[in-house]
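Next come the chains, spelled out residue by residue.
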Amino acid sequence: MTQPRREILQKLTPVLTKRWLSPDAWKMEVYERLDGYAALRKALDVHPDDLIQLIKDSGLRGRGGAGFPTGLKWGFIPQGDGKPHYLVINADEGEPGTCKDLPLMTYDPHSLVEGAIIAAYAIRANRAFIYIRGEAVHAARRLRHAVAEAKAKGYLGTNILGSGFDLELVVHSGAGAYICGEETALLDSLEGFRGQPRLRPPFPAIAGLYASPTVVNNVGTIASVPYIVLGGPEWWKSMGTEKSSGPMIYSLSGRIANPGQYECGLGITLRELIELAGGMQPGHNLKFWTPGGSSTPLLTAEHIDTAMDFEGVAAAGSILGTTAMQIFSDQDCPVYATWRWLEFYHHESCGKCTPCREGNYWMVRTYRRILSGEGTHQDLDTLQDTADNIFGRSFCGLGDGAATPVMSTLKFFRQDYLDYIEGRTAPRLSAKALVGAH
Amino acid sequence: MTDVAKKTDADPNRGGKPKDTNSVTLTIDGIQVTAEKGELVIRVAERMGIAIPRFCDHPLLAPAGACRQCLVDIEGQRKPVASCTQTVAEGMVVKTQLTSEVAAKAQGGVMELLLANHPLDCPTCDKGGECPLQNQAMTNGRADSRFKEHKREYEKPIHISSQVLLDRERCILCQRCTRFSEEIAGDKFIDLMDRSSGEQINVYRDDFFGGEGTGDGQAGDGEGDVPFNSYFSGNTIQICPVGALTGEQYRFRARPFDLVSTTTACEHCAAGCSMRADHRRGKVLRRLAGDDPAVNEEWNCDKGRWGFQYQVATDRITTPLLRDARTGELREVSWSEALLAAAEGLKAAKGAGVGVLTGGRLTVEDAYAYAKFARVALGTNDVDFRSRPLSAEEADFLASSVAGVADVTYEDVEDAPSAVIVGLEPEEECPILFLRMRKGHNRKKLQVTAVAPYLSRGFEKLGAALVAAVPGDEARLLAEDPAIAAALSVPGALLFVGERLATVPGGLSAAAALAARTGARLAWVPRRAGDRGAIDAGCLPNLLPGGRPVSDPAARAEMSIAWKVEAGALPSTTGRDTDAIVAAAAAGQLGGLLVAGVDPGDLADPRLAEQALDNAGFVVSLELRHSAVTRRADVVFPVAPAAEKSGTFLDWEGRLRSFGTVLPSTAMTDGRVLEAIGALMEVTLGTGDVMTIRRELGAMPVSKAVRPVAPAVAAGPRPEPGEQEAVLATWHQLIDLGSMTEGDAVLAGTARPPVARIGRELAATLGVIDGDAITVGTDRGAITLPAAITDLAPRVVWLPTNSPGSALRRSLGVTAGATVRLSAGRPGPVLASEVNS
């Protein structure tokens with residue numbers, strides 16, 4: 001492990017993560033002592049439209065992966081339409097490698113609650129939901145506790161802080177389906193139906209939860225709101241780049257000395273992040289990595305100086321996604337890694353559309369065969385073609401996410417495949433893996 | 001004869017909608033086309049003759065975009081787009097597989113993926129030969145599969161109801177079946193289960209959904225299965241684009257390419273569904289819903305689809321039978337012997353009078369033959385098609401408001417803002433009318449008001465508002481209830497009255513008056529296929545064919561000319577109705593009876609009806625299967641079932657549903673038999689073949705007779721049941737013990753289980769809970785059924801009319817509106833003293 005240099009350490013911008021190391025920051029009294037709910041008081045004095053403008057001015061972009069401008073999204077909600085509006089917070093964090101929202105909700109749940117109240121006030125919603133991943137029991141417990149504390153304090157409920165604004169905030173635990181992180185599947189699940197993506201249009205802003213105008217935002221997006229309200233858009237834009245403003249929590253995992261969350265301004269490079277994380281593990285050299293979770297096209301060592309913002313990563317041929325960087329070294333096998341990801345996507349495919357449902361079934365089995373030493377050269381063409389037939393053809397983005405690592409590894413590491421097929425690499429799986437119908 | 005179809009074409013104010021000016025122009029495969037805003041790309045392409053392959057897409061279901069087979073390339077779009085979900089836009093440039101490599105590649109890819117886990121068991125699959133997957137795989141797929149892995153396997157097949165089987169490994173998860181069940185039928189009993197490649201269609205298997213699970217929400221090893229309980233389940237088989245859903249009756253029976261298909265009409269109810277019957281080697285093997293957008297769209301009910309086993313039932317009569325004077329038993333005789341015996345017997349009986357009773361299975365042509373036979377050969381107006389409880393008021397109502405009237409169509413139902421339904425349970429008594437109402441309610445703006453004792457499951461699915469009616473009180477409600485009047489005052493409102501309203505004194509009078517007062521259009525909906533046609537054919541004691549009143553000399557004169565009989569030869573007094581014929585025959589006052597398609601158990605008093613058959617001097621029966629009538633008849637003639645003859649039904653709208661012969665056979669129509677009997681009675685009937693009858697009917701001039709005014713019978717007193725008593729409510733369930741479905745165990749398996757419905761108060765009084773036995777009795781007998789506690793009007797009990805364990809008219813001798821006794825549990829032994837008192 002190496003110590004990061006001082007100038008690199010200065011790249012850290014703890015905003016959303018600033019309370020994580022304070023003992024008991026998840027408790028109301030500690031949170032309030034650390035500027036908690038100050039933004040709420042400030043926000044409730046402002047007209048909701050001005051709040052939406054404020055967020056627009058800050059340039060805040062969605063932290064869930066797509067990077068859609070948040071203020072714009074809020075502005076889509078038709079006002080004065082006589083329908084109830086809903087705020088739904090997507091806390092169904094399940095992308096392999098991504099671990100930024102769960103620690104936030106565990107160590108600083110009140111920042112999300114406070115952001116939710118401000119956001120709901122801005123879009124004029126009297127009901128908000130946090131749809132949290134079912135497995136995240138501890139984070140959900142902390143969140144529920146925070147909601148109860150906020151309610152006891154009058155930050156939630158009727159006539160919040162005498163403003164006349166009412167809000168009920170419900171923490172809803174999912175039932176363990178990755179697809180429910182897709183916003184329309186999340187809404188179906190929240191309504192009590194089978195979690196499968198809906199046809200769009202209509203978009204959630206027009207007909208979302210219970211066919212009413214709904215904003216669906218990521219945890220990181222909503223948790224950013226109080227800081228923007230307190231610090232102002234100019235301060236926010238002082239971090240990050242022109243088009244990708246603000247700080248971002250980068251979740252680093254894999255072959256680095258100190259895996260974890262590093263909050264820096266958007267636009268930092270992997271090289272800098274690895275240094276912050278204490279460098280690569282001894283004996284390991286960077287081989288490939290995901291910029292934003294496993295569903296984003298892989299990058300290799302040559303991309304180590306790519307600016308990690310929406311534009312920079314896109315220019316490198318990938319997607320910023322959830323800024324979950326899984327770092328693999330020359331001792332890791334890209335074929336094996338891809339198989340593991342595929343098993344995940346196959347398991348999590350909702351089954352609605354043909355390409356994702358059948359394509360993953362097929363690819364998983366082909367990988368098992370290759371890794372058992374029974375692959376053929378034709379398999380590589382079939383894999384490439386199947387991935388092409390899934391990518392852009394499935395109902396939602398899950399299929400794209402599944403096809404992505406296949407396409408990336410075939411592009412960068414074809415030799416690794418050939419090594420299995422031609423017997424240079426010892427089989428990683430036994431032929432037993434091939435038995436059985438499922 | 002009235003015919004809605006003709007009327008719709010002729011009248012510019014009905015039918016066709018005003019032309020929509022909201023159109024857009026787009027280009028598909030380089031061809032410019034104009035389409036309506038909101039139209040789907042796949043439909044526009046289809047109109048142009050460009051077939052885009054598809055599976056999940058169905059024009060009558062909401063778009064899903066699940067199978068991804070219909071991907072096309074749209075300029076400006078990054079990815080291929082599903083043409084079944086994409087609506088057209090101005091200037092859109094679409095390229096299908098015909099002109100775009102991308103679209104062709106995408107479609108080929110999806111096809112390969114669909115086939116990855118699809119078993120290639122086409123040679124043994126029922127769908128092979130008519131399978132959209134097979135066909136489109138041939139046109140758009142690869143010649144060979146690259147898929148070398150192990151295919152998905154499931155236990156096969158599973159019964160999701162007694163009729164419907166599911167082979168899950170064949171399923172391509174297009175969800176047409178689940179979408180149909182939810183959107184169209186409203187019976188969400190099948191759904192997607194599990195996920196990923198293990199995703200499957202299945203029935204609910206836990207007790208959350210009403211099944212008997214383990215009690216803790218866990219699947220009870222199949223114990224808790226909730227079967228696919230829908231009257232429309234067969235449609236899912238028909239729209240399944242693969243062989244995943246199959247029907248018990250047809251599975252493994254035939255290959256599609258060996259079948260001969262004939263378009264025909266359904267003979268079961270007054271909905272008038274178009275149907276396709278497929279036969280092979282002299283046997284109908286299956287029936288499918290026909291495609292008629294004006295009537296049944298593409299759907300039918302399970303009774304229509306599967307209720308044709310009676311044609312091959314072992315008790316079908318195939319030769320004429322004559323009662324042997326020596327043994328008193330029926331014996332098989334030649335046609336000539338039977339015809340002569342019938343003619344002689346009827347001639348002899350004519351003096352004392354012969355009553356003609358016909359039932360609901362008759363076509364218009366056959367009903368006309370009976371109407372003519374009664375008047376010309378028997379010289380009587382004692383003819384009635386109503387083989388069910390009836391009233392004189394009803395005959396007047398049919399003459400004033402139904403005969404020759406075709407005021408309301410299915411399209412009107414769909415587009416109506418409001419409909420009031422009284423004396424009719426659409427889902428049970430006219431299922432396709434129910435589906436159209438549901439479409440109007442779900443997709444348009446139809447608000448349904450039900451005047452009924454409780455909000456049935458069918459009415460719930462129509463989102464109906466309930467005007468709770470104690471049976472017998474409907475007439476008063478129609479006259480007084482403000483909610484009903486308000487619902488009918490909306491312009492375009494419709495008033496539906498079922499045949500059951502006949503048993504409510506003043507009910508039909510009140511309905512006619514209400515329609516006249518509010519301007520709502522009135523539609524009378526009978527239960528059986530032949531009923532509406534029998535009215536216009538003249539099978540009523542007060543009406544000659546074409547709605548001509550028998551009491552009107554001008555009407556009689558018209559018919560004398562048409563029938564080429566002497567002026568004044570036609571009987572001029574209104575005849576006896578079914579009840580009066582039965583009463584007269586039972587009292588030994590009738591010389592004979594001519595009976596066709598009547599089950600005495602359906603009449604108001606089955607016991608009396610059987611006495612009538614016993615006491616009538618001479619009984620001639622024309623029948624398909626042995627029945628309580630043939631057992632008592634002196635001469636029995638076999639007649640052709642609907643599949644073996646051509647004919648016409650008039651549906652509830654008054655629309656002609658003509659059909660040709662499906663199966664060539666030697667069986668004769670009722671009209672042909674009557675003509676032969678008539679010939680031996682020195683009467684030329686001219687009903688020997690269907691075309692002759694149609695010509696005769698067609699040549700008949702429009703009647704100049706004055707239409708009688710609607711009846712004005714006062715409402716009866718409100719029933720006042722005493723202690724331990726209740727008012728009886730009842731109607732037929734769709735699948736019950738009806739003579740055409742009787743004995744079909746598979747079909748009976750999808751019938752709703754018979755229960756006795758009582759309200760909460762009654763249940764509390766009796767001390768019973770759901771499922772406890774309760775006994776409903778009259779002086780004649782008793783019916784014991786499990787109680788189903790329902791939100792029923794107070795002091796009302798509902799029983800199915802003719803279901804297993806509840807042959808209501810036979811057991812109780814009463815019908816709706818009667819006061820019956822109630823007790824908990826099974827009846828104890830009956831003491832002789834009680835019977836005598």
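Keep in mind that this is a model prediction, so the values were computed, not measured.

It is worth spelling out the environment of A:Asn389 at this point. If you trace the backbone, A:Asn389 turns up in helix α16 (residues 377-390). Exposure remark for A:Asn389: the 27 C-beta atoms within 10 Å place this residue in the buried category. Among all residues touching A:Asn389, those that are not within four sequence positions of it are A:Pro355, A:Gly359, B:Gly109, B:Val110 and B:Leu113.

We now examine the domain arrangement of chain B. Split by domain assignment, chain B resolves into domain 1 (23-116), domain 2 (150-252), domain 3 (338-388 + 532-699), domain 4 (397-526) and domain 5 (725-836). The C-alpha centroid of domain 3 of chain B is placed 56 Å from the C-alpha centroid of domain 1 of chain B.

Looking now at the interface of chain A and chain B. At the junction of the two partners, chain A supplies 25 residues and chain B supplies 29 residues. Every element with two or more residues in the side of chain A that touches chain B is listed here: α14 (334-348), α15 (354-371) and α16 of chain A. Take the side of chain A that touches chain B: its biggest share by element is 8 residues, from α15(A). Class assignment of the residues belonging to the side of chain A that touches chain B gives a composition of 8 nonpolar, 11 polar and 6 charged.

Counting residues in hydrophobic clusters, the biggest one holds 386 residues, and the most contacted among them are A:Val88, B:Ala511 and B:Val797. Not counting residues within four places of it along the chain, the set of residues in contact with A:Val88 comprises A:Phe129, A:Tyr131, A:Leu186, A:Leu187, A:Leu190, A:Leu209, A:Thr214, A:Val215 and A:Val216.

Okay, the sheet that holds strand β2 (residues 127-132) of chain A next. Residue and element names in this part refer to chain A. The strand order β3-β2-β1-β4 describes an open sheet built from 4 strands, whose pairing is parallel. Among the strands making up the open sheet, the edge pair consists of β3 (168-173) and β4 (214-218). Across the sheet, the mean angle from the axis of one strand to that of its neighbour is 20 degrees, orientation sign disregarded. Note that strand β1 (residues 86-91) and β4 share 5 bridges and pair parallel. Bridging across to β4, leucine 87 finds its partner in valine 215.

A word on unusual backbone geometry. At the junction of A:Pro201 and A:Pro202, the peptide bond is cis and its omega measures out at 5 degrees in the coordinates. In this structure, A:Pro202 sits in the loop between α9 (183-190) and α10 (204-207). In this model, B:Lys156 is joined to B:Pro157 through a cis peptide bond whose omega is -20 degrees. The phi dihedral of A:Tyr210 falls on the positive side, at around 45 degrees, and the residue is not glycine. With respect to the secondary-structure elements, A:Tyr210 resides in the loop between α10 and β4.

What counts, and at which threshold
- Residues numbered from 1 in each chain as written.
- Chains lettered and ligands numbered in written order.
- Predicted model: local features only at pLDDT ≥ 70, side-chain atom pairs only at ≥ 80, totals over all residues.
- Helix = DSSP H or I, 4+ residues; strand = E, 2+ residues; numbered from the N terminus.
- Buried ≥ 20, exposed ≤ 12 C-beta atoms within 10 Å, placed from the backbone.
- Contact = placed C-beta atoms within 7 Å.
- Domains from an automatic or database assignment.
- Nonpolar A, V, L, I, M, F, W, Y, C, P; charged D, E, K, R; others polar.
- Core = buried A, V, L, I, M, F, W, Y, C linked by C-beta atoms within 7 Å.
- Pairing = 2+ DSSP bridges.
- Axes fitted to C-alpha atoms, helices over the stretch in contact; angles between N-to-C directions.

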